[in-house]
Amino acid sequence: MPALNYQTAGESHGPALVTTITGLPAGLELDIPFINHELQRRQGGYGRGGRQKIETDTIAFLCGVRLGKTIGSPLVFQIPNRDSRLDDLQKTPPVHRPRPGHADLAGSIKWLTTDCRETLERASARETASRVGAGAIARCLLRCFGIEIFGFVRQIEHARTDVEVLPDNWRSLVAVRDASDTYTLDEKATRAQREAIRKAKEDRDTVGGHVECHVFGCPPGIGSSMDWTTKLDARIAAAVMGIQAFKAVQIGAGVRAGETRGSALHDPISFDPARKSEPSLGFTRPSNNAGGLEGGMTNGQPIVVTGTMKPISTLLQGLPSVDLNTKQPEQSQYERSDVCAVSAASVVMENVIAFEVARCFMDKFGGDSMTELKANFDNYMNMARRLPLR
Ligand code: EPS
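A brief structural summary.

The rules behind the values
- Residues numbered from 1 in each chain as written.
- Predicted model: local features only at pLDDT ≥ 70, side-chain atom pairs only at ≥ 80, totals over all residues.
- Heavy atoms only, no water.
- Axes fitted to C-alpha atoms, helices over the stretch in contact; angles between N-to-C directions.
- Helix = DSSP H or I, 4+ residues; strand = E, 2+ residues; numbered from the N terminus.
- Parallel < 35°, antiparallel > 145°, perpendicular 65-115°, else oblique.
- Left-handed = near helix turned anticlockwise from the far one by under 90°.
- Contact = heavy atoms within 4.5 Å.
- Nonpolar A, V, L, I, M, F, W, Y, C, P; charged D, E, K, R; others polar.
- Pairing = 2+ DSSP bridges.
- Core = buried A, V, L, I, M, F, W, Y, C linked by side-chain atoms within 4.5 Å.
- Buried < 20%, exposed > 50% of the residue type's maximum accessible area, 1.4 Å probe, protein only.
- Near = heavy atom within 4 Å.
- Polar contact = N/O pair within 3.5 Å; in protein donor to acceptor, adjacent residues only side chain to side chain.
- Expected span 1.5 Å × (residues − 1).
- Phe/Tyr/Trp six-rings, centres within 6.5 Å; stacked < 30°, edge-to-face > 60°.
- Disulfide = S-S within 2.5 Å.

We now examine the packing of helix α8 (residues 232–241) against helix α10 (residues 342–365). Two numbers describe how α8 lies on α10: the axes approach to 9 Å, and their chain directions differ by 150°. Looking at the two axes, α8 sits roughly antiparallel to α10. Note that α8 runs across α10; the crossing there is right-handed. Facing α8, whose interface residues are Leu232, Arg235, Ile236, Ala239 and Val240, α10 presents Met349, Val352, Ile353, Glu356, Val357, Arg359 and Cys360. By residue class, the composition of the contact of α8 with α10 is nine nonpolar, no polar and three charged.

This is the structure we're talking about:
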């Protein structure tokens, strides 16, 4: 079990979402405006439903923090649910007609009931607010070492941006993404994505899409090839797949790797002494089909991850289903929902990836305090730059 860990708890309409993080070093300064900004970004994006007008997600620390810094004990934070009504049977009535694509059917059988209510409350993507909070805290740590993350919407249904994201242009793209209400990278794609969502809403339907995330500034050697549970690519894939409604994860070239010859796929290695002070230690690659990960370890190039979110399974028009009590055919039940949450999912993906990078970072460099962690990091970087060691 890695030293840095987190656990989230909370139902969609319970009183609050509660998260516990263990293994953070003491002395980490928490950028609370940044964390709350990430929580707010997760609440946004064109196509969200009525719930987000009710909630104003902000982080409240319950333990593990003193004067804005971690103290090394388990850190617990909560995000209150304003729309808390789990014990009100009028407002959260039983659900007997499961939605195809949702956890409803499998979950109600798993817990031996014909009421899907508790399953949908447990399975809700409301919980992703917790994961954004935990990931944003992890980013406060990673930023101390020059590691930064940029996520955005690549495509919604068929509406796609082809803007390329590179180490030298991503900072300027942050403002472009933040000006787009679908969190994409150009105005034409924003308009097309809005139109896809608007049309789906008009048709009482939903749409999904692809989100992309780039991690810049990782030195080689984070993660491990020793065991599958410590491979950073495996951890990232599990974290991304664990986001509600995700159906695929790709790293670098992803599925295209299976259709390309080795000579065309693998990124040639060269060395530029002038770039020795960079996180890559001077090793350069003309392409990044590996997506920054080889053998489960960072290789000094940006980590590139694509995730695919299916259309939300709550459709205003309903879908063919059965009543679990009568087993008779019925349309699935409608619950207030979003038409598209791909933009929000891009924020979730950024932050769950951040946590996994931070987890492997702590596994490699360790330390009880930020002072110790920084010394360990500097020592490794110095030795790696001086290779071959004599
Ligand atoms: C969700 C259904 C909707 C979403 C919710 C996830 O909630 P409600 O039923 O309260 O309208 O808005 O997402 C959030 C609340 C959130 O904060 O992301 C579901 O069924 O998963």
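What follows is about the sheet that holds strand β9 (residues 209–216). With antiparallel pairing, the five strands of this open sheet are ordered in space as β8-β7-β9-β15-β10. Strands with a single pairing partner mark the edges of an open sheet, and in this sheet they are β8 (159–160) and β10 (246–251). Bridge analysis of β10 against strand β15 (residues 303–309) gives five bridges, and the strand direction is antiparallel. Looking across to β15, one finds that isoleucine 251 is bridged to valine 305. This element, helix α6 (residues 170–179), spans β7 (148–156) and β9 of the sheet and lies at about 50° to β7.

Right, let's talk about the nonpolar core for a bit. The biggest cluster of nonpolar side chains holds 73 residues, and the ones touching the most others in it are Ile21 and Phe361. A total of 15 residues in this core trace back to one element, the largest contributor, which is α10. Of all hydrophobic cores here, the second largest spans seven residues; its members include Phe152, Val165, Leu185 and Phe216.

Before going further, it helps to spend a moment on the site of the ligand. Every residue near the ligand is listed here: His13, Arg42, Arg48, Arg51, Gln52, His102, Ser124, Ala125, Arg126, Arg336 and Asp338. In this structure, alanine 125 approaches the ligand through a main-chain N or O atom, which is 3.0 Å from an oxygen atom. Looking at the shell around the ligand residue by residue, the classes come out as one nonpolar, four polar and six charged.

We now examine helix α1 (residues 32–43). With 12 residues, α1 ought to run about 16 Å at 1.5 Å a step, and its terminal C-alpha atoms sit 17 Å apart, in line with that. When we look at burial in α1, the residues that qualify are Phe34, Ile35, Asn36, Glu38, Leu39, Arg41, Arg42 and Gln43. In the core, the buried residues of α1 are packed alongside α2 (51–54), β3 (60–63), β6 (75–80), α5 (128–143), α6 and α10. Looking at the residues trailing α1, positive phi occurs at glycine 45, about 100°.

Turning our eyes to something else, we now look at unusual backbone geometry. In the segment running from leucine 387 into proline 388, the intervening peptide bond is cis, with an omega of 0°. You can see proline 388 is positioned in the segment after α11 (370–385). Of note, the phi angle at lysine 327 is positive, near 65°, even though the residue is not glycine. Along the chain, the position of lysine 327 falls in the loop between β16 (320–322) and β17 (329–331).

Take the packing of aromatic side chains next. Inspection of every chain in the model, using the stated rule, returns 12 aromatic pairs. Centre to centre, the rings of tyrosine 6 and phenylalanine 355 are 4.1 Å apart; their planes meet at 35°, and the pair counts as tilted. Highlighted residues: tyrosine 6 in strand β1 (residues 5–9) and phenylalanine 355 in helix α10, separated in sequence by 349 residues. Of the two residues examined, tyrosine 6 and phenylalanine 355, each falls in the buried class.

A separate point is the pairing of β9. β9 sits mainly inside the fold: seven of its eight residues count as buried. In this structure, β7 lies alongside β9, joined through eight bridges in antiparallel fashion. When the bridges of β9 are listed, glutamine 155 appears paired with histidine 210. Bridge count between β9 and β15: seven bridges; the pairing is antiparallel. Of the residues in β15, the one forming a bridge with histidine 214 is valine 304.

As a further point, take the sheet that holds strand β2 (residues 16–22). Taken in spatial order, the four strands line up as β1-β2-β6-β3 in an open sheet, and their pairing is antiparallel. Across the chains shown, the open sheet's two edge strands, defined by having one partner strand only, are β1 and β3. Pairs of neighbouring strands in the sheet enclose a mean axial angle of 25°, with direction left out of account. Sheet strands touched by α10: β1 and β2. Its angle to β1, the strand with the most contacts, is close to 150°.

Attention now moves to the side chain of glutamine 301. Its place among the elements puts glutamine 301 in the loop between β14 (297–298) and β15. A relative accessible area of 12% places glutamine 301 in the buried class. A polar atom in the side chain of glutamine 301 sits 3.3 Å from the backbone oxygen of phenylalanine 283. Look past the residues within four positions of glutamine 301 in its chain and what remains in contact with it is Ser280, Phe283, Thr284, Arg285, Asn288 and Gly292.

With that settled, consider the state of the cysteines. Throughout the structure, instances matching the rule amount to zero disulfides. Just so you know, cysteine 340 is unpaired, no disulfide at all, and the nearest cysteine sulfur is the one on cysteine 213, 18 Å from it.

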